[in-house]
2 protein chains.
Amino acid sequence: MSVSERKVQERAAREELILGHARGFLLRRGFQDWNMEQLAGAVNYAKGTLYLHFESKEDLCLAVATRALRERADLFERASRFTGRTRERIRAIGFACCEFACSHPDYFKVELMLKSASFWEKATETRRQAHQMEGARCFRLVHEIVKEGMRAGDLPHDRMTSESVTFALVAVTVGSHIMSLEPAMKLVAGIDDPIRTVRQNQDLMCDGLGWRPLLADWDYSATDARLRREIFPTATWCEPVTTAG
Amino acid sequence: MSVSERKVQERAAREELILGHARGFLLRRGFQDWNMEQLAGAVNYAKGTLYLHFESKEDLCLAVATRALRERADLFERASRFTGRTRERIRAIGFACCEFACSHPDYFKVELMLKSASFWEKATETRRQAHQMEGARCFRLVHEIVKEGMRAGDLPHDRMTSESVTFALVAVTVGSHIMSLEPAMKLVAGIDDPIRTVRQNQDLMCDGLGWRPLLADWDYSATDARLRREIFPTATWCEPVTTAG
DNA sequence: CCCCGATATTGACCATTGGTCAATATCGGA
DNA sequence: TCCGATATTGACCAATGGTCAATATCGGGG
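A quick note: this is a predicted structure, and the numbers were derived from the prediction, not measured.

Engineer: Could you give me a rundown of the domain arrangement of chain A, with the residues and numbers involved?
Structural biologist: All names here are of chain A. Taken as a whole, chain A is organised into domain 1 (1–53) and domain 2 (57–230). Between the C-alpha centres of domain 1 and domain 2 the distance comes to 30 Å. Each partner contributes residues to the interface: domain 1 has 15 residues there, and domain 2 has 16 residues. Taken together, the two surfaces of domain 1 and domain 2 that pack against each other cover about 1400 Å², and 69% of this comes from carbon and sulfur.

Structure below.
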């Protein structure tokens, strides 16, 4: 290995180190409750060194978020390989989303952070594009199954475009996750198991879209069981009481 | 009027002035892109004076948000007076929500800001409680109609609690609003009219919940027309093409 | 093994800004 | 008009994201 090759590798390793620690900080303490000095200390480098890798604190955090988003897209991709009725397949994506939420607790707070403030504009164009790309990947994987549902005749295609259907599924999922974070909401709505609530709302939306077989006409707990066996054997979370009738 | 009474009134007027300008700043420039010095300049007082009214920048912004939330709750209350089938009545709340969104464009960004960061803990306990109270008011007004729907037999009550149903409605609405803010999402999902999308997703969720009469079995455009006439005659937004069949 | 130019790393320093408080201005009653 | 009380101010402080001249490290050639 040449010297320059080794340097490139070392640089990449250091970036990895920084990203790993930053992720820990972000998840545990949000965006405000730590500073670049502390992060530098945690990875045993000077503050200036961090800025050799990232243009700003926001840029660094966007990089962390993008890596997590890529993991999610990867899970979506695995879920896409599930076979069966199209509604079973979209359910696999919903499962992947919850698998992600469980293995990255509080990650939705990071996602929220990206939406507020002037985050976006303080990050590098390259990183912005990388994030959008992973986001688009997630959207596309859902969209493909929606289109297939329409082709298969499981999902009505006369009232809504496939894009609108996809948007509805994304919206209900994101909304459920976000509202689940709210302690007051959890209390007042009696949410004991956020994940179960998210999946339930996804089911309701699918029913509302008329995506057959409807919840009442199919044993989706069996689908979940097969899903675990075939695609996510290492799923880290316990299936809650199923919403299937 | 006594001297002390006048002073109280003047103080209240100044607080109003500050809140008004802060709201303009918040909506137009987010949280970061202005500072307390600038706000002080805008209202022709010194920075220190702002801190006689608010404990921190976050406290001030929470106050702004709470006033807006109260306006929303007020709209919900008006909507609650609409008569008809329970699903028509919940539709009135959805209408109110969109009415609010239209007359306060970009307010959802402010709402998002509250969810992220360490906002909450930098605000006064009093203001936190005020905000929660208005939030609870919104929730309760929806919840009342949900319970009535169950009592009336329009909405199944064997599978889900009334609280879970309310949560689902809130989640789909918040999720739709938030995702509508995302320019990239709007583009990729082909969202041309965010408000229409929000209402459509609310309709889908209601259908999924089995809230009768279903979208296909009722002329909800007539409901909307009556709603405008009876409750929101001054509605500032144009009804999009209805989603009713 | 040493030397030197190139490269990598550092942390003192800067600018911004949320927040404080001693100094100052204003007020209102005697 | 004067004085004590109250209201207002803006210079100042501390924290922190970001910069860059100074320093340390590296590695190849003699």
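Engineer: Help me get a handle on the interface of chain B and chain A, residues and values and all.
Structural biologist: Facing 42 residues of chain B, the contacting portion of chain A comprises 42 residues. The largest share of the area that chain B buries against chain A comes from B:Lys115, B:Phe167 and B:Leu204, three residues that together contribute 18% of it. Counting every contact that joins chain B to chain A gives two salt bridges. Of the charged contacts in the structure, one is a salt bridge between B:Lys115 and A:Glu182, with a shortest N-O distance of 3.4 Å. Where chain B packs against chain A, one counts two residue pairs in polar contact (both at pLDDT 80 or more). The set of elements that each furnish at least two residues to the side of chain B that touches chain A consists of helix H6 (107–115), helix H7 (125–152), helix H8 (162–181), helix H9 (183–189) and helix H10 (194–209) of chain B. Tallying contributions element by element places H8(B) first for the side of chain B that touches chain A, with 13 residues. Of the residues assigned to the side of chain B that touches chain A, the class counts are 23 nonpolar, 12 polar and seven charged.

Engineer: Provide a residue-level description of the protein's contact with DNA strand D, including the pertinent values.
Structural biologist: Around DNA strand D, 16 residues are found, and the nearest of them are A:Arg6, A:Asn35, A:Lys47, A:Lys57 and B:Thr49. A breakdown of the atoms of DNA strand D within 4 Å of the protein gives sugar and phosphate a share of 68%. A:Met36 places a main-chain nitrogen or oxygen 2.8 Å from a phosphate oxygen of DNA strand D. Within the backbone of B:Ala46, a nitrogen or oxygen atom sits 3.0 Å from a phosphate oxygen of DNA strand D. Where the surface near DNA strand D is concerned, the elements lending two or more residues are helix H1 (3–29), helix H3 (47–53) and helix H4 (57–80) of chain A together with helix H3 (47–53) of chain B. By residue number, the principal contributor to the surface near DNA strand D is H3(B), which donates three residues. Partitioning the surface near DNA strand D into residue classes produces seven nonpolar, four polar and five charged.

Conventions used here
Residues numbered from 1 in each chain as written. Chains lettered and ligands numbered in written order. Predicted model: local features only at pLDDT ≥ 70, side-chain atom pairs only at ≥ 80, totals over all residues. Heavy atoms only, no water. Domains from an automatic or database assignment. Contact = heavy atoms within 4.5 Å. Buried area = accessible area lost by both parts, 1.4 Å probe. Salt bridge = Lys/Arg side-chain N within 4 Å of Asp/Glu carboxyl O. Polar contact = N/O pair within 3.5 Å; in protein donor to acceptor, adjacent residues only side chain to side chain. Helix = DSSP H or I, 4+ residues; strand = E, 2+ residues; numbered from the N terminus. Nonpolar A, V, L, I, M, F, W, Y, C, P; charged D, E, K, R; others polar. Near = heavy atom within 4 Å.

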